[in-house]
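Examination of the molecular architecture
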Amino acid sequence: MTNRQNIVLPQPKIYAAAMLLVLTVSSINVFAAPPALATKPTANPATKPTTKPAVSTKAAPAVLPIVAERIVSVEGITEYRLPNGLKVVLFPDTSKPTAVVNVTYLVGSRHENYGETGMAHLLEHLLFKGTPTNADIPKQFNQRGAGFQGTTNFDRTNYYESFPASDENLKWAIELEADRMIHSNIARKDLDSEMSVVRNEYEIGENNPGQVLNKRMLSVAFDWHNYQNSPIGNRSDIENVKIENLQAFYRQYYQPDNAVLLVAGKFDEEATLKLITAAFGKIPKPTRVLPKLWTIEPTQDGERSFTVRRSGNIQISMLGYKVPGSLHPDNAALTYLGFILGNTPSGRLHKLLVETNRAAGVGAGGGSTVDPGIFNFIAAVKEGESLDDVQKTLIDTVENFYKSPPTEEEMGRLRVLLDKSFDQVMANPQGLAVAMSEVIAAGDWRLFFYSRDQIKKVTPEDVARVAKKYLTRDNRTVGQFLPTKDPQRAEVPMAPLAADVLKDYKGNQAMAAGETFDPTPANIDARTKRYALPGGMKVALLSKKNRGETVTVRLSSNYGDVVSQRGRTTAMSFASQMLSKGTTKFNRSQLSDEFDKLKISGNVGLGNAGMQTTRANLVKALELVAHVMREPTFPEAELEQMRKQSITGLEAGKSDPGALAGEAMNQHFNNYQRGDPRHSPTREENLSDLKAVTLAQVKKAHEDFLGFSNAEIAIVGDFDEAEARVAIERIFGNWKSPLPFKRIENPYHEVAAMNKVIETPDKENAVFGARMLLEVGDNDPESPALQVANRIFGGGGGLSSRLSKRIRGKEGLTYGVNTGLSLSSFDRRGSFSANASAAPQNIAKLESIFREELDLALKGGFTAEELDSAKSSILQSRKQAWAQDATLASGWVDKLYRGKTYEESAKYNADIAALTVEAVNAAFRKYIDPAKLSVVKAGDFAKAAKASTTVNDAKTTAPGATSK
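Report follows, based on the coordinates. Because the structure is predicted, anything quoted here is derived from the model rather than measured.

Looking only at helices and strands, the protein features 34 helices and 23 strands. Whereas a compact globule of 964 residues would reach a radius of gyration of roughly 30 Å, the protein reaches 28 Å, a difference of no more than 12%. Seen along its three principal axes, the alpha-carbon backbone of the protein occupies a region of about 80 × 75 × 70 Å. A burial count over the protein gives 59% of its 964 residues as buried. If you take every contact in the protein between residues at least 6 apart in sequence, the share linking residues at least 24 apart comes to 82%. When the accessible surface of the protein is totalled, it reaches about 37900 Å², and 52% of it is carbon and sulfur.

Quick look at the structure:
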């Protein structure tokens, strides 16, 4: 979840996934869980079907050369404009060997007409179905090892691809986006299959209590504005939309004068501008006029209420208040308001409700929208406890906030966090490209910097003023409706134009760029200094100049053995998590502030740490991490909060198909008794352990297992090597481990196949899972061939695998299907798995097709074309991964532990490149046996069977006939 400036609000890690606290819905994408649904229509003249194209796609004869006009530059980023109206934003950064191409279209669900909800998102899916020139777009992404995505929100749609920087790849990406801007097929046959994929995406969201609640919030809070409709759309609209409507919508909005092209990363600016001019410049400027949307939501005239009753195990209370659009001056103060109330652990709501054990979690925030939108406050309460009491406190605290304005400490905490987050985004071209889509939708990419500057000017008085103005009873949506003689209405003003806001804006000096680093195994080994401390810790230091002087640290301590860890899993887990809850110098909130001051992002656990900071803060960051590990205070109240949150999270999954299927599968493959650290506990065992663990046991786990006699540390990025050496020796050199370490083995064992069905009533989405164990390790000769075979069959993500092409692309049964291959570097014990989701009535067909495709692969084998594509994808992906400091640091920790270098990775690349079709097919046939596959299916199959019986009965009864 994000606040209004795209800063992630911290949430307790122990229950973040289980809590399902969905505050806002800003976008949905081709591969992510969908957001909310609303069903009310909004009139809009924008998308009336037409049989005539809105624009001609034939370029007029050029009289003069096409020239890109330079418009403005801010902080190293430059905007150009083509004669056809396309805006081009270029952000060169040579420090990383990657590039990103992002196209933002100024169209989203806000532009949809009655009966067409979800159309913008459905169209986003269809743009991956190809053009006459580029017939198989996912295959092209896969062959080039490109990361790609498409996302849709209320105000915009964007498409981006991230790939290894090269002239060829950049030319391909630019020409691809120019081609699908006006030549995408948008065909009936693709709509037929993709409609059911999107419907399954919708069904996934219907299993999420928080998302369902947020959908209802939108539909109840808005009377007329299209923000009442979630971008995922209404189910009947998704199922019945006409291809002619989609084609008209595409021709209307997918044009150069309604788009912004952003290129970021390693590229030559002048050459890239020529590529863009050649590819996009030949598209004519449209003659149509984009429709002006005129609907303004009327002022709310009283509190509103709604109740959702569905299967689940968690209670949630959500408040929604209408607030101005993202360009309004009050928007910056609202950012502070949400953070001060909703942050964990320093927020007022957390201290009032979570620390007192009245609620399991809280949050606050709102999605940035062009027109006035919704700001939400949320609290989750354990089933069986009083939700009404928590809701009353939540309303009272929020609506009386203005009486207790924020302190300078509260204001300063967010300023530090925003400053850190801005630096991190600016150091990451891919992250910046995606973040820019949001401000582009608001009116101008420069708003990214303008908002950063404006937020620094906000005062406590500003925050109190906007709280009093908007957080009022009659502007509230929650609970129940009550008539009143004393209305307290909040007039929500419109925002000014971006041109007016930015009239005299200049921006700040651009961030210093980093060096060009060659991420090859040979260069990584050559640039890395490796040594061991006298106490036993192994060290890898890779110093290189980075944009923003960022540096990444990975620290891993290996402790204990199967005997010393027996029966202590929960205590060890809590000991690790409680380190950040307070130390002898800092309470939890102060410790969070210290991390922000040192620009530290990451986690600290029991002898383990993963973090990013900056060159100037590295030594102090290492000292702080060591202090957190050495001197935790283990507050009793924090243990009780964690216990309650963990229990709530487990209970929330009691009716979730995915959680139940996963638990059943783990239990089937469990080969160890309770207490053994390798044991897979049941939900009941987990609950029992959580209730029984004591503070003394947690402290004892910390005492027994914290030490660095058997540890690895890797530092990659912009740092002083000599300074780092001294600091590591001083901080960790003599830190002995109390107990001896011995790796816990996990050998292969035979497991009989099973096929289990789990009923989950009132859940619209069902899951399918399959798994088998393999007697093979990562060091076996067949390992590269198995990895490639898995990539071809169903692994690697994307849409190019055999399973994805068949089950998603052709049959349209699922939103996503994939396989996984897990191999150990020590034990000859691996696993092959598969998972997918679908409507309950389609799970049987999905399983049948999965087995059919598996048999075809085993009998017929893979093709040379599939092999070449998979090898290219794997090798490109590995090269791109090595360009990321976090990947390099984690890789070095693993290799130090195993006594290896990146020469091992080079050999693995060579083995992949040398593979033949015969070797890949032989490995797949040797280890994959359908008879050994265990399958679990979870869903509301009884309801699906009943619906199917009803439909069949209706079909066999002719109109006017009598059924006997």
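With that settled, consider the side chain of Glu 194. When you line up the elements, Glu 194 lands in helix 5 (residues 188–206). Once you skip the residues sitting within four places of it in the chain, Glu 194 turns out to touch Leu 122, His 125, Leu 126, Lys 129 and Arg 808.

Moving on to the sheet that holds strand 14 (residues 538–543). What the 6 strands build is an open sheet, ordered 13-14-18-15-17-16; its pairing is mixed. Looking at which strands have only one partner, the edges of the open sheet turn out to be strand 13 (528–532) and strand 16 (601–604). Neighbouring strand axes in the sheet, compared pairwise and without regard to direction, differ in orientation by 15 degrees on average. Sheet analysis places strand 16 next to strand 17 (residues 608–614), joined by 4 bridges and oriented antiparallel. Looking at strand 17, one finds that Ser 601 is bridged to Gln 612.

With that settled, the discussion passes to the sheet that holds strand 21 (residues 817–822). Pairing is mixed in the open sheet, where 5 strands are placed in the order 19-23-20-22-21. Strand pairing shows two members of the sheet lacking a second neighbour, strand 19 (755–759) and strand 21, which therefore form its edges. Going across the sheet, the axis of each strand differs from the next one's by a mean of 15 degrees, ignoring polarity. Pairing analysis gives 6 bridges linking strand 21 to strand 22 (residues 830–838), with the strands arranged antiparallel. Bridge pairing in strand 22 places Leu 821 opposite Phe 832.

Mapped onto the secondary structure, Ser 589 falls in helix 20 (residues 588–597). Sequence-distant contacts of Ser 589, defined by excluding residues within four places in its chain, comprise Pro 345, Ser 346, Lys 351 and Arg 413.

Compared with the 18 Å implied by 1.5 Å per residue over 13 residues, the 18 Å span of helix 6 (residues 209–221) between its first and last C-alpha is a close match. For helix 6, the tally of buried residues reaches 10 of 13 residues, placing the bulk of the element in the interior. Regarding helix 6, the residues found buried are Gly 210, Gln 211, Val 212, Leu 213, Asn 214, Lys 215, Met 217, Leu 218, Ser 219 and Ala 221. Against the buried residues of helix 6 lie helix 5, strand 9 (314–323), strand 11 (373–382) and strand 12 (476–477). The N-terminus of helix 6 is capped by Asn 208, whose side-chain oxygen sits 2.9 Å from the backbone nitrogen of Gly 210.

Here the focus is the environment of Gln 424. Mapped onto the fold, Gln 424 is located in helix 13 (residues 408–426). When the C-alpha atoms of Gln 424 and Glu 549 are compared, they prove to be 10.0 Å apart, with 125 residues separating the residues in sequence. Non-local contacts of Gln 424, meaning those with residues more than four positions away in its chain, are made with Lys 599, Ser 601 and Gln 612.

With that out of the way, let us pick up the nonpolar core. Core analysis: the largest hydrophobic core is formed by 57 residues, its most contacted members being Met 537, Leu 622, Met 629, Ile 713, Ile 715 and Ile 728. The dominant element in this core, judged by the number of residues it contributes, is helix 21 (residues 618–630), at 9 residues. Sequence-distant contacts of Met 629, defined by excluding residues within four places in its chain, comprise Leu 555, Leu 579, Val 604, Gly 605, Gly 607, Asn 608, Ala 609, His 702, Leu 706, Phe 708 and Trp 735. Val 107, Ile 137, Ala 146 and Leu 261 belong to the second-largest nonpolar core, a separate cluster that totals 56 residues.

Positionally, Thr 78 belongs in strand 3 (residues 77–81). In this structure Thr 78 comes out as buried when scored by relative accessible area, which is 8%. C-alpha of Thr 78 to C-alpha of Leu 90: the two residues are 12 residues apart in sequence and 5.4 Å apart in space. Here Thr 78 is in contact with Arg 70, Val 72, Ser 73, Val 88, Val 89, Leu 90 and Glu 269, once residues within four sequence places are set aside. Engagement of the side chain of Thr 78 in a polar contact is seen with the side chain of Ser 73, the distance being 2.8 Å.

Moving on, we get to unusual backbone geometry. Omega for the bond connecting Thr 344 with Pro 345 falls within 30 degrees of zero, at 15 degrees, which places this linkage in the cis form. Positive phi, close to 55 degrees, is recorded for Lys 599, a residue that is not glycine. Counting through the fold element by element, Lys 599 comes out in the loop between helix 20 and strand 16. Located in the positive-phi region is Phe 634, a residue other than glycine, with phi close to 45 degrees. In this structure, Phe 634 sits in the loop between helix 21 and helix 22 (636–652).

Here the focus is the packing of aromatic side chains. In the structure shown here, the tally under the stated rule is 34 aromatic pairs. Ring centres of Tyr 105 and Tyr 159 lie 6.0 Å apart, and the angle between their planes is 80 degrees; on these two criteria the pair is classed as edge-to-face. With a gap of 54 residues between them, Tyr 105 in strand 5 (residues 98–105) and Tyr 159 in strand 7 (residues 157–164) connect regions that are remote in the sequence. Judged by relative accessible area, which is 0%, Tyr 105 ranks as buried.

Before going further, it helps to examine the packing of helix 5 against helix 28 (residues 802–810). Two elements in contact, helix 5 and helix 28, have axes separated by 8 Å at closest approach and are oriented at 90 degrees. Considering their axes alone, helix 5 and helix 28 lie roughly perpendicular with respect to each other. On helix 28, the residues that touch Ser 193, Glu 194 and Val 197 of helix 5 are Arg 808, Gly 809 and Lys 810. Along the lines of polarity and charge, the residues of the contact of helix 5 with helix 28 split into 1 nonpolar, 2 polar and 3 charged.

Note on placement: Glu 399 falls in helix 12 (residues 387–399). Placed 68 residues apart in sequence, Glu 399 and Ala 467 show a C-alpha to C-alpha distance of 7.4 Å. Beyond its immediate chain neighbours, meaning those up to four positions away, Glu 399 contacts Tyr 321, Leu 471, Thr 472, Arg 473 and Arg 476. Within polar-contact distance, the side chain of Glu 399 engages the side chain of Arg 476 at 2.6 Å.

A separate point is the pattern of salt bridges. Opposite charge on two side chains allows them to pair when their charged atoms are near. Taken as a whole and judged by the stated rule, the model has 71 salt bridges. Of the charged contacts in the structure, one is a salt bridge between Asp 444 and Arg 446, with a shortest N-O distance of 2.9 Å. Take Asp 444 and Arg 446: they sit in the same class, and that class is buried. Note that Arg 615 and Asp 718 form a salt bridge whose closest N and O atoms lie 2.7 Å from each other. Of this pair, Arg 615 sits in the loop between strand 17 and helix 21 while Asp 718 sits in the loop between strand 18 (711–717) and helix 26 (721–732); the two residues are 103 residues apart in sequence, bridging distant segments of the chain. Put simply, Arg 199, Glu 203, Arg 235, Glu 239 and Glu 764 are held in one network by salt bridges that share partners.

Rules used in this analysis
Residue indices follow the written sequence of each chain, beginning from 1 at its first position. Residue-level local features of this predicted model are given only where pLDDT is at least 70; pairs of side-chain atoms are given and counted only at 80 or more, and the full residue set underlies all totals for whole chains, interfaces and linings. The side-chain figures draw on all heavy atoms in the structure; neither hydrogens nor water molecules are used. Going along the chain from the N terminus, every DSSP run of H or I of four or more residues is numbered as a helix, and every run of E of two or more is numbered as a strand. What the globule rule says is 2.2 Å times the number of residues to the power 0.38, and the radius of gyration is computed from C-alpha atoms. Summary of the burial criterion: residues with accessible area below 20% of their type's maximum are buried, those above 50% are exposed, and those between are partly exposed, where the area comes from a 1.4 Å probe applied to protein chains only. By the convention used here, residues are in contact when the closest approach between their heavy atoms is within 4.5 Å. The Shrake-Rupley method, run with a 1.4 Å probe sphere, supplies the accessible areas, and residue values consider only the shown protein chains as cover. Pairs of strands are assigned from DSSP output, requiring at least two bridges between the strands. Lines fitted to C-alpha atoms define the axes, with helix axes restricted to the stretch in contact, and inter-axis angles between N-to-C directions lie between 0 and 180 degrees. Multiply 1.5 Å by the residue count of a helix minus one, and that product is the helix's expected span. Pairing of N or O atoms within 3.5 Å defines a polar contact, subject to two protein rules: one partner must be a possible hydrogen donor and the other a possible acceptor, and residues neighboring in sequence count only if both atoms are side-chain atoms. By nonpolar core we mean a set of buried residues, namely Ala, Val, Leu, Ile, Met, Phe, Trp, Tyr and Cys, connected to one another through side-chain atoms within 4.5 Å. A pair of Phe, Tyr and Trp rings is counted when the ring centres sit within 6.5 Å of each other, with Trp represented by its six-membered ring. The angle between the planes then sorts it: under 30 degrees is stacked, over 60 is edge-to-face, the rest tilted. Should an angle lie under 35 degrees it is considered roughly parallel, over 145 roughly antiparallel, and from 65 to 115 roughly perpendicular; all remaining angles are considered oblique. Gly falls in the polar group here, along with every residue not listed as nonpolar (Ala, Val, Leu, Ile, Met, Phe, Trp, Tyr, Cys, Pro) or charged (Asp, Glu, Lys, Arg). Counted as salt bridges are all cases of a side-chain nitrogen of Lys or Arg within 4 Å of a carboxyl oxygen of Asp or Glu.

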